[in-house]
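# Structural features, examined
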Amino acid sequence: MQDLHISDVLGPIMIGPSSSHTAGALRIAMMARRLSTSIPTAVEFRLYGSFAHTYRGHGTDRALVGGILGMDPDDLRIRNSLQLAQEADIEVTFTPLPDAPYDHPNTVDVVMSDASGSETIVRGISIGGGAATLTRINGVDVNITGECTSVIIQQRDTVGVLAHITQSISHIGGNIATLRCYREQRGETAYTVLEVDGSVPISVCEAIMGHPGIMSIRVIPAAGGSTANTTNKPDEAAAERFRTLDFPTAHALLEYCTAHSLTIAQAFRAREEALGASHGESTDIDGYLDRVLAVMRAAATEPAEQPITAMGGLIGGEARKLVLRQQSGKALISGQLARAARYAMAVLETNAGMGCIVAAPTAGSSGVIPGTLLTLQDECGFSDEDMREALLCAAAIGYLITRNATVSGAEGGCQAEMGSAAAMAAAAATQLGEGSPAQCFDAAGNAIANMLGLVCDPIAGLVEVPCQKRNASGAANALISAEVALAGVVNLVDFDQTVDAMFHVGRSLPFELRESALGGMAACPAACEWCEGFRKRAETK
């Protein structure tokens, strides 16, 4: 997890409704497509675990096809990818296997066939927040994360081939981050999987293919959406600096902030800069954060004027109803709390309509941070510069949770998504309130503790109910948690231990309560009755 960027926890910027089931699924299919030796004429998606239960409701089907078609996570054409695949003469089938064993709750096999009958089978897992890993290629176990540019080479298992590959890359000054070799059988087909810093020129691929033992080569670019904008020679001094700044725990980050009189945001900015430079990348952190703010604000405000119809039909128009309630003069709440609830619910309205949102840290919890921070900016007059620093603070919290626990509802329940988002928002709000780094961590710990044990139970597998209202509650939780910390109320259990508790609670939750749509609110009679109608409607499309 040491290569997590800001954009990995405040991102991806994506089309909803689910970071793990939409953006992550798209990433798997995109990487798989780059491994195919030719344009596929038919693709079968074999779905396991949570994917098997919720693929229609989460837009996983459209995202997977979008990845095969080469779309980015924020491409609005994902909504129509099934039709676009048909127009491209690609036959697409989905095979849910809910009772089959799986490697991870979000697992899919992408089976691609071309006109000649050649078949490529790639297994991938979506690990949360839009990140994904390929774990198997044609029956051979691999580990391709997409964090760096990946080069996958199919070769004959003979002497000298590996040396030729590494020499071809080193000849142009390329830096190999990782290298793994796999073989199907001694003396037969083998695979070399490299992760390299920067890009891989066509000339290098041609040089590698010049060896008679090389059968094919495929390049998978690093996952998009980072703050990097140029590629230079990796900086070894920056790499050493990054090792100092790669905080493994909140305790380590707090010690660094105290020793150097820095805010959490300042320390995390330094980490991001060092990380980029260590890979030979210059970063535009503020540019990325400005884009995050713009997408968040559009998602939080537009539904109040133009209600959005959700993909599943369970929600739509809630933000507008809250506006009208405030205008009636009869509202029980007003000011910050009312605005935070409206903004948070509006983002989920945008998300459920397959609009553009920022997964922060996931799509299912994407309303909490904008609901909290945009409200404070509107009500208290904070500048965009203040907001960027608040987002950096939020990113630091999200990074630590992702590194030491999980933000995936399929792994840790809704506490991992909503609790993490509320923790990130609470710390950011505390920084806006001029709280110390210690108080920021106290606020984040409060928010997680308040949602400990929260189950993930989306009705019909849709990121709509009860998700939307929980985002409003998450924003309220963040504001309260920040205010309690700013008042000087300290915590008995520190942030690191609270994150550890959340992780263990999540692992204790049964599968039915971890984004399977089989337990909790999703199993109530009214929900089941609605689901049956939804299933029948989906089958007729």
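Scroll up a little and you will see the structure.
Small disclaimer: the values here were computed from a predicted structure and weren't measured.

As a further point, take the overall build of the protein chain. Helices and strands together make up the secondary structure of the protein chain, namely 21 helices and 14 strands. Over its C-alpha trace the protein chain gives a radius of gyration of 23 Å, about what one expects of a compact globule, namely 24 Å for 541 residues. For the protein chain, the spread of C-alpha atoms along the three principal axes comes to 75 × 60 × 40 Å. For the protein chain, with 541 residues in total, the buried portion stands at 55%. Within the protein chain, contacts between residues separated by at least 24 positions form 76% of all contacts whose residues are at least 6 apart in sequence. Of the accessible surface of the protein chain, which amounts to about 21500 Å², a share of 51% is contributed by carbon and sulfur atoms. One finds the centroid of the 38 positive side-chain charges in the protein chain at a distance of 5 Å from the centroid of its 59 negative side-chain charges.

Looking now at the pattern of salt bridges. Evaluated as defined, the whole model comprises 18 salt bridges. In this structure, the salt-bridge partner of Asp457 is Arg470, at a minimum N-O distance of 2.9 Å. Of this pair, Asp457 sits in the loop between α18 (437-450) and α19 (467-486) while Arg470 sits in helix α19, and the two are 13 residues apart along the sequence. Exposure class is identical for Asp457 and Arg470. Each is buried. One salt-bridge network, held together by shared partners, links Asp103, Asp109, Arg123, Arg136 and Asp141.

Bringing a nonpolar patch on the surface into the picture now. On the surface, Leu332, Ile333 and Leu337 cluster together to form a nonpolar patch covering roughly 320 Å² of accessible area. By the secondary structure assignment, Leu332 is in the loop between α12 (318-327) and α13 (335-352). Residue Leu332 is classed as exposed on the basis of its relative accessible area of 84%.

Each neighbour pair has its own omega, and for Gly11 with Pro12 the value is 10°, a cis peptide bond. Here the amide bond leading from Gly16 into Pro17 is cis, since omega sits at 15°, within 30 degrees of zero. Note on placement: Pro17 falls in the loop between β1 (13-15) and α2 (19-35). Phi is positive for Ser261, which is not a glycine, with a value near 55°. One can find Ser261 in the loop between α9 (250-260) and α10 (264-278). Classification of Ser261 by relative accessible area gives exposed; the value is 66%. A positive phi angle is found at Glu515, which is not glycine, with a value near 60°. Following the sequence through the fold, Glu515 ends up in the loop between α20 (495-508) and α21 (525-540). Assessed through its relative accessible area of 3%, Glu515 is described here as buried.

The rules behind the values
Residues numbered from 1 in each chain as written. Predicted model: local features only at pLDDT ≥ 70, side-chain atom pairs only at ≥ 80, totals over all residues. Heavy atoms only, no water. Helix = DSSP H or I, 4+ residues; strand = E, 2+ residues; numbered from the N terminus. Rg over C-alpha atoms; globule rule 2.2 N^0.38 Å. Buried < 20%, exposed > 50% of the residue type's maximum accessible area, 1.4 Å probe, protein only. Contact = heavy atoms within 4.5 Å. Areas by Shrake-Rupley, 256 points an atom, 1.4 Å probe, with all protein chains shown as cover. Lys, Arg positive; Asp, Glu negative; His and termini not counted. Charge placed at Lys NZ, Arg CZ, Asp CG, Glu CD. Salt bridge = Lys/Arg side-chain N within 4 Å of Asp/Glu carboxyl O. Patch = residues over 30% accessible without salt bridge, like charges linked within 9 Å, V, L, I, M, F, W, Y side chains within 5 Å.

Keep in mind that these numbers describe shape and distance, not what the molecule does.
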